[in-house]
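Secondary and tertiary structure notes
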Amino acid sequence: MQHTSKLPNVGTTIFTIMGALAKKHRAINLSQGFPDFEMDRKLIDLVTSAMHSGYNQYAPMQGHLGLREAIANKFNILYNSSYHPETEITITAGATQAIFSVILAFIKSGDEVIIFHPAYDCYEPAIELHGGIPISVELEAPSFKVDWNAVKSKLNSRTKMIVVNTPQNPIGTTFSENDMLQLQAITEGTDIIVLSDEVYEHIVFDGKKHQSACLFPDLKSRSFVVASFGKTFHNTGWRTGYCCAPKELMSEFRKVHQFNVFCVNHPTQKALASYISEPDHYLELSQFYQEKRDLFLRLITPSRFKFEPSKGTYFQLLDYSEITQENDVDYARRLTIENKLASIPLSVFYKKDVHPKILRFCFAKKEDTLKRAADILNTI
């Protein structure tokens, strides 16, 4: 049986490859973005209670209303910005499903979508599957600053969407208020949709504030804000997220959502509705992860790796250019096999065939895990 692949250049993801390699060689796994510590027992008990209380059948397509109301309240608390829980918030099967469904709802053959590279790896395949054309804006190390004039130069009548990610995976940078104002300015008066991936919104360091698209009224009017409970509450396997957008945009999103997954795990939604009603459960997250970042960087100070401290997310880039001139994919593999420490090579997040001497490490780990990883890095 022969067929033409819709994604001919896509193979197994680097996360699967490095995860399997780490398991095979019994390496410390700082490659994939998941914690190795337990989530809050209270949240597990809330899910159990929801199941015992009968929340075991289909949830509403839009999501459990109590959870949508709690999300609306969270936006009021954090950003003094409102989304209507009935018409402007939808619960999704993780942030990736939300991103995929936004693209499916709006991107047609020939539409252009601007992406900032290095970029999280789900954006480009989703665009290509639906006939869209990814347009890359390259961010250069070590600052990874956005050249907004370069972005503006790529806009034309075919530009349908701009995908932004702040705090940004894989590079751990954040958009400033000025970045968001420039994004707002270059899209003002257009029909360009902004897909704002904000799954690490609660993990921003050094006293900085997360600059959500919803803080900028004109930008909010044409933006989807996508978020993740899995990243926030240390339960990535639950695959529960949500997105917010103005009513007119959300109506189109739900046309796709209802035939994509229809609805999301009901008892999990019921539990999360109760859990996020206590703001401390997410307000303290930045400090929690900053302590882990600072510990990791303090521990590896004697090493030959160079770094700029991550500004957000739970990822840290390490520059190995003073150690070897191997390309990053080869070095990541060797580091896993020979030194028993798994990471992710940065080049896989670029559109072009570039190989910066940089690896990405996840520090969402127990203190002991970070200490053992640092001991390895310090001996190289």
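Placed above this text is the structure.
About the criteria used
Residues numbered from 1 in each chain as written. Predicted model: local features only at pLDDT ≥ 70, side-chain atom pairs only at ≥ 80, totals over all residues. Heavy atoms only, no water. Helix = DSSP H or I, 4+ residues; strand = E, 2+ residues; numbered from the N terminus. Rg over C-alpha atoms; globule rule 2.2 N^0.38 Å. Buried < 20%, exposed > 50% of the residue type's maximum accessible area, 1.4 Å probe, protein only. Contact = heavy atoms within 4.5 Å. Areas by Shrake-Rupley, 256 points an atom, 1.4 Å probe, with all protein chains shown as cover. Lys, Arg positive; Asp, Glu negative; His and termini not counted. Charge placed at Lys NZ, Arg CZ, Asp CG, Glu CD. 1 Å grid on protein atoms, 1.4 Å probe; cavity = no way out; pocket = protein on both sides within 12 Å on 5 of 7 lines; lining within 4 Å. Points joined across faces, edges and corners; volume = space filled by probe spheres on them. Polar contact = N/O pair within 3.5 Å; in protein donor to acceptor, adjacent residues only side chain to side chain. Pairing = 2+ DSSP bridges. Axes fitted to C-alpha atoms, helices over the stretch in contact; angles between N-to-C directions. Disulfide = S-S within 2.5 Å. Expected span 1.5 Å × (residues − 1). Bend = angle between axes of the 7 residues up to and from the residue.

Quick notes on the overall build of the protein chain
On a plain count of helices and strands, the protein chain comes out with 15 helices and 12 strands. Taken over the C-alpha trace, the protein chain has a radius of gyration of 21 Å; the compact-globule value for 380 residues is 21 Å, and the two agree within 12%. Dimensions of the protein chain, computed from C-alpha atoms along their principal axes, come out at roughly 55 × 55 × 50 Å. Counting all 380 residues of the protein chain, 56% fall into the buried class. Taking all contacts inside the protein chain whose residues are at least 6 apart in sequence as the whole, residues at least 24 apart take part in 75%. Total accessible area computed for the protein chain in this model is approximately 16800 Å², and 49% of it derives from carbon and sulfur atoms. Across the protein chain, 41 positive and 42 negative side-chain charges occur, with their mean positions spaced 4 Å apart.

Some details on empty space enclosed by the protein
To find the voids left in a structure, one rolls a probe of water-molecule size over its atoms. Per the counting criterion, the structure on display carries two cavities of 30 Å³ or more. Estimates place the volume of the largest cavity at around 70 Å³. In terms of lining, the largest cavity is formed by K74, V199, E201, H202, A227, S228, F229, T232, F233, Y242, I276 and Y282. Among the elements of the structure, strand 7 (223–228) and helix 9 (229–232) are those that each provide at least two residues to the lining of the largest cavity. One number sums up the size of the second largest cavity: a volume of about 40 Å³. Lining the second largest cavity, in full, are I115, F116, A119, Y123, V163, V164, N165 and Q168. Mapped onto the lining of the second largest cavity, the elements with two or more residues apiece are strand 3 (112–117) and strand 5 (159–165). Ranked by residue count, the leading element in the lining of the second largest cavity is strand 5, at three residues.

Brief notes about the environment of Y289
Examined against the element boundaries, Y289 turns out to sit in helix 13 (residues 285–299). Taking the C-alpha atoms as reference points, Y289 and N73, 216 residues apart in sequence, are found 24 Å from one another. Once residues lying within four places of it in the same chain are set aside, the contact partners of Y289 are P35, F37, I203, F205, H234, Y314, F363 and A364. Looking at Y289, its side chain comes within polar contact range of the side chain of H234, at 3.2 Å.

Points about the sheet that holds strand 12 (residues 358–362)
The strand order 9-12-11 describes an open sheet built from three strands, whose pairing is antiparallel. A strand with exactly one partner marks an edge of an open sheet, and here the two such strands are strand 9 (315–319) and strand 11 (344–345). Sheet topology note: the strand 9/strand 12 ladder contains five bridges and is antiparallel. Opposite Q316, over in strand 12, you have F361 as the bridge partner. Sheet strands touched by helix 14 (residues 328–339): strand 11 and strand 12. Its angle to strand 12, the strand with the most contacts, is close to 45 degrees.

Some details on the pairing of strand 2 (residues 89–92)
Burial along strand 2 is two-sided: the face carrying I89 and I91 and the face carrying T90 and T92 are both buried. As paired strands, strand 2 and strand 8 (residues 241–244) are joined by four bridges and run antiparallel to one another. Residue pairing in the sheet places T90 in a bridge with C243 of strand 8.

Here's the deal with unusual backbone geometry
Here the bond from H117 into P118 is cis, since omega is 10 degrees, no more than 30 degrees from zero. By secondary structure assignment, the location of P118 is in the loop between strand 3 and helix 5 (123–129). The omega torsion across N169 and P170 is 25 degrees, close enough to zero to call that bond cis. Among the structural elements, P170 can be located in the loop between strand 5 and helix 7 (177–187).

Focus: the environment of N235
Note on placement: N235 falls in the loop between helix 9 and strand 8. Residues N235 and F37, 198 residues apart in the sequence, show an inter-C-alpha distance of 9.8 Å. Setting aside anything within four residues of it in sequence, one finds N235 in contact with M39, L43, F229 and G230.

Considerations on the environment of N76
Within the secondary structure, N76 sits in helix 3 (residues 65–79). For N76, a relative accessible area of 38% corresponds to the partly exposed category. Once you skip the residues sitting within four places of it in the chain, N76 turns out to touch S81 and S82.

Considerations on the sheet that holds strand 8
Read across the sheet, seven strands follow the order 2-8-7-6-5-3-4 without closing on themselves; strand pairing throughout is mixed. This sheet does not close on itself; its edge strands, each paired only once, are strand 2 and strand 4 (133–138). Along the sheet, successive strands turn relative to each other by an average axial angle of 20 degrees, direction set aside. Sheet analysis places strand 7 next to strand 8, joined by four bridges and oriented antiparallel. Directly across from A227, in strand 8, lies its bridge partner Y242. Contacts between helix 3 and the sheet are confined to strand 2, strand 7 and strand 8, with strand 2 contributing the most and set at about 115 degrees to the helix.

Examining the state of the cysteines
A full pass over the atoms with the stated rule returns zero disulfides. C214 takes part in no disulfide bond, and the closest cysteine sulfur, belonging to C244, lies 8.0 Å away. Here C243 stays free of any disulfide, with the sulfur of C244 as its closest cysteine sulfur at 6.8 Å.

Examining helix 10 (residues 247–260)
The end-to-end C-alpha distance of helix 10 is 19 Å, a good match for the 20 Å that 14 residues give at a rise of 1.5 Å each. Bending of helix 10 peaks at approximately 25 degrees at the position of F253. The complete set of buried residues in helix 10 reads L249, M250, F253, R254, V256 and H257. Against the buried residues of helix 10 lie helix 3, strand 2, helix 4 (94–106), strand 6 (193–197), strand 7 and strand 8. Once helix 10 ends, the next one or two residues include F262, with phi positive near 65 degrees.

None of this, on its own, says anything about what the molecule does.
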